[in-house]
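Letter by letter, the chains look like this.
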Amino acid sequence: MARQRYVVSYDIRDERRLRAVHKRMKGFGYPLQYSVFICDLDAMEKIALRKEIGDVMHHGVDSVVIIALGDPSGRGTECFEFMGAGRSLPESGPRIV
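Reading guide: rules and limits
Residues numbered from 1 in each chain as written. Predicted model: local features only at pLDDT ≥ 70, side-chain atom pairs only at ≥ 80, totals over all residues. Heavy atoms only, no water. Helix = DSSP H or I, 4+ residues; strand = E, 2+ residues; numbered from the N terminus. Pairing = 2+ DSSP bridges. Axes fitted to C-alpha atoms, helices over the stretch in contact; angles between N-to-C directions. Buried < 20%, exposed > 50% of the residue type's maximum accessible area, 1.4 Å probe, protein only. Arc of directions from axis to C-beta. Contact = heavy atoms within 4.5 Å. Polar contact = N/O pair within 3.5 Å; in protein donor to acceptor, adjacent residues only side chain to side chain.

Undergrad: Looking at this structure, how should I read the environment of serine 73?
TA: Mapped onto the fold, serine 73 is located in the loop between strand 4 (63-70) and helix 3 (75-78). Spatially, the C-alpha atoms of serine 73 and glutamine 4 are 9.3 Å apart, while their sequence positions differ by 69 residues.

Printed below as a string of structure tokens:
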């Protein structure tokens, strides 16, 4: 299965849920900012991410956005532009936790 690069951003309204979501997100990707992650996922990993985060968040008040950027070595790298204290993007490939 081909990996795709995603930006995952979340707005979690409760501290306990926020910590739980952040902890789970670290298993899927690299923190770019406080509530923004870069994730290189195949189809099954994306399903697992949606399930794990969906089990923790409160669907009535919290929100998560998953933005597909394409192949990690193509547009998944080229479409980023940083201002200020930018972070380097992860190398493409699987994340082993």
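On we go from here.
Undergrad: Is there a simple way to think about the sheet that holds strand 3 (residues 36-41) in this case?
TA: Either a parallel or an antiparallel arrangement is found when strands of a sheet pair, and the pairing is made through backbone hydrogen bonds. On the basis of which strands lie adjacent, the open sheet formed by four strands has the order 2-3-1-4 and antiparallel pairing. A strand with exactly one partner marks an edge of an open sheet, and here the two such strands are strand 2 (30-33) and strand 4. Pairwise comparison of adjacent strand axes, ignoring direction, gives a mean angle of 30 degrees for this sheet. Note: strand 1 (residues 4-11) against strand 4, seven bridges, orientation antiparallel. Counted as the bridge partner of serine 9 is valine 65 from strand 4.

Undergrad: I would appreciate a short explanation of helix 1 (residues 15-25) in the present structure.
TA: For an α-helix, 3.6 residues make a turn, and residues three or four places apart therefore share a direction. Looking at helix 1, one finds that the buried residues are Arg17, Ala20, Val21 and Met25. For helix 1, the angular spread of buried residues about the axis comes to 135 degrees, placing them on one side. Exposed residues pointing more than 90 degrees away from the buried face of helix 1 are listed as Glu15, Arg16, Arg19 and Lys23. Residues of helix 1 that are buried make contact with strand 1, strand 3 and helix 2 (43-56). Backbone nitrogen of arginine 16 and a side-chain oxygen of the N-cap are separated by 3.1 Å at the start of helix 1; the cap is aspartate 14.

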